[in-house]
Amino acid sequence: MTLAATEGALVDAHDAVLLDLDGVVYRSHAAVPGAVEALTSVGDTRLAYLTNNANRRPETVAEHLQQLGLPAEVEDIITSAQAIAGVMARDLPRGSAVLTVGGEGLHTALTERGLVPVADRHGARIAAVVQGYAPAIGWTDLAEAAYAIQAGAPHYASNTDLTIPTSDGIAPGNGALVHAVQLATGVQPVIAGKPFAPLFEETMARLDSRSPLMVGDRLDTDIRGARSAGILSLCVLTGVNSLADVVAADPQDRPDFIGADLASLHETHAEVVVEGDRAHCGEATAELDGDRVRVTSGAGTTAALRAVVALGWACRDESGRAVTVDETIDA
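Residues numbered from 1 in each chain as written. Predicted model: local features only at pLDDT ≥ 70, side-chain atom pairs only at ≥ 80, totals over all residues. Heavy atoms only, no water.

A.B. asks: Help me understand the pairing of strand β17 (residues 278-281), please; the structure alone is not making it clear to me.
C.D. replies: Taken residue by residue, a regular strand's side chains alternate between the two faces of the sheet. Side chains Ala279 and Cys281 of β17 all project onto a buried face; the interleaved residues Arg278 and His280 project onto a face where none is buried. Where strand β16 (residues 272-275) lies against β17, four bridges are found, and the strand directions are antiparallel. Across the sheet, the residue bridging to Val272 is Cys281, located in β17. Turn length for the β16-β17 hairpin, with the two strands adjacent in sequence and antiparallel, is two residues, and the turn residue Gly276 shows positive phi of about 65 degrees. Where β17 and strand β18 (residues 284-289) come together, four bridges link them in antiparallel fashion. Opposite His280, over in β18, you have Thr285 as the bridge partner. Taking the residues that link successive antiparallel strands as the turn, the β17-β18 hairpin has two residues, and the phi of Gly282 there is positive, at about 60 degrees. (Buried < 20%, exposed > 50% of the residue type's maximum accessible area, 1.4 Å probe, protein only. Helix = DSSP H or I, 4+ residues; strand = E, 2+ residues; numbered from the N terminus. Pairing = 2+ DSSP bridges.)

A.B. asks: What's the story with the environment of Ala38 in this structure? I'm lost.
C.D. replies: Along the chain, Ala38 falls in helix α1 (residues 35-39). In this structure the C-alpha to C-alpha distance between Ala38 and Ala263, which are 225 residues apart in sequence, comes to 5.3 Å. Apart from residues lying up to four places away in sequence, Ala38 is in contact with Leu262, Ala263 and His266. (Contact = heavy atoms within 4.5 Å.)

A.B. asks: Explain the pattern of salt bridges to me, please; I cannot follow it from the model alone.
C.D. replies: Side-chain pairs of opposite charge can arise whenever the charged atoms involved come near each other. The final tally for this structure, using the stated rule, is 18 salt bridges. Close ionic contact of Arg224 with Asp253 constitutes a salt bridge, the shortest N to O distance being 2.6 Å. With a gap of 29 residues between them, Arg224 in helix α8 (residues 219-229) and Asp253 in the loop between α9 (243-248) and β15 (257-259) connect regions that are remote in the sequence. Judged by relative accessible area, Arg224 falls into the partly exposed class, the value being 30%. The partner of Arg294 in a salt bridge is Glu287, with the nearest N and O atoms 2.8 Å apart. Judged by its relative accessible area of 35%, Arg294 falls in the partly exposed class. Overall, Glu287 belongs to the buried group, its relative accessible area being 13%. (Salt bridge = Lys/Arg side-chain N within 4 Å of Asp/Glu carboxyl O.)

A.B. asks: Explain the packing of helix α5 (residues 139-150) against helix α6 (residues 174-185) to me, please; I cannot follow it from the model alone.
C.D. replies: Two quantities define a packed helix pair, namely the angle between the axes and the distance from one axis to the other. Two numbers describe how α5 lies on α6: the axes approach to 9 Å, and their chain directions differ by 40 degrees. With respect to α6, the element α5 is oriented oblique. Crossing hand, α5 versus α6: right-handed. Here Leu142, Ala145, Ala146, Ile149 and Gln150 of α5 lie close against α6, whose contacting residues are Leu177, Ala180, Val181, Ala184 and Thr185. Split into classes, the residues belonging to the contact of α5 with α6 amount to eight nonpolar, two polar and no charged. (Axes fitted to C-alpha atoms, helices over the stretch in contact; angles between N-to-C directions. Parallel < 35°, antiparallel > 145°, perpendicular 65-115°, else oblique. Left-handed = near helix turned anticlockwise from the far one by under 90°. Nonpolar A, V, L, I, M, F, W, Y, C, P; charged D, E, K, R; others polar.)

A.B. asks: What should I look at first to understand the state of the cysteines in this one?
C.D. replies: A covalent bond bridging the sulfur atoms of two cysteines is what the word disulfide describes. Per the counting criterion, the structure on display carries zero disulfides. The thiol of Cys235 is not disulfide-bonded; the next cysteine sulfur, from Cys281, is found 16 Å away. Summary of cysteine pairing: Cys315 is not part of a disulfide, and the nearest cysteine sulfur, belonging to Cys281, is at 16 Å. Using a relative accessible area of 7% as the deciding quantity, one classes Cys315 as buried. (Disulfide = S-S within 2.5 Å.)

Take a look at the structure:
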């Protein structure tokens, strides 16, 4: 496979842009440089914000985005907490008590779907256990979840991101905690967040979109999920995964477009032509120097990123040859 191409600006080919938040729009509380400017100039294209972070309520997320300068409304926010609450509401009787290991966003989503979040196993008949990210989660919370699951309660999880990007670096995510409980119980949870279907189903149920584009920074969640859902995707290099990760990605984790940041929404993504050990994209050229890909013209452009990625994929797909990427290559 190779990268898709556009005749004009990428955003003009889509009627809705689905955006991951952490690592794409912001890191912790600060906007990713250039993100606000890129998103406030998309014209009539609908913006929807999809987050695997189940800790914050949609109202809180919308307020945060508004403070950054983005015209976000509550209905534009779709969280993994809402998605897993929807799944559980279909599986469980209304009014069921759910042992909830997570933050305010998860508690609110469950309540809105007619379920009753509880903090421990005592005092209520537990119908299920659900996990979502919250910074205050500790060993006791995980142990309580494990005990309830061992007693027969089904296990649900908002998402399984192993890490989350913060302003200080990469930190453990909800997936690390879910995995700990799963190791203790041997029970595979039902998962709603990217790359699984429920979050995308929740999103598409709200949007009347015929040509959505998913934008994310994680190959194993944002990009894999979009590909599984049949949605085109753009990977930006402002969060977890690097250019080298994209080049090394297996087919199910490969984006349709690559860009340094959200400014690439407003660029034309020219066709890439791979010829032997070289790849050309517009004025940019990448070539192999041994097992390393280097840019020989057009450095610092989206076209150069596209040439590097296409050449790396061609090497892997056609000959099984793994190549390395100079991490100084950026746009």
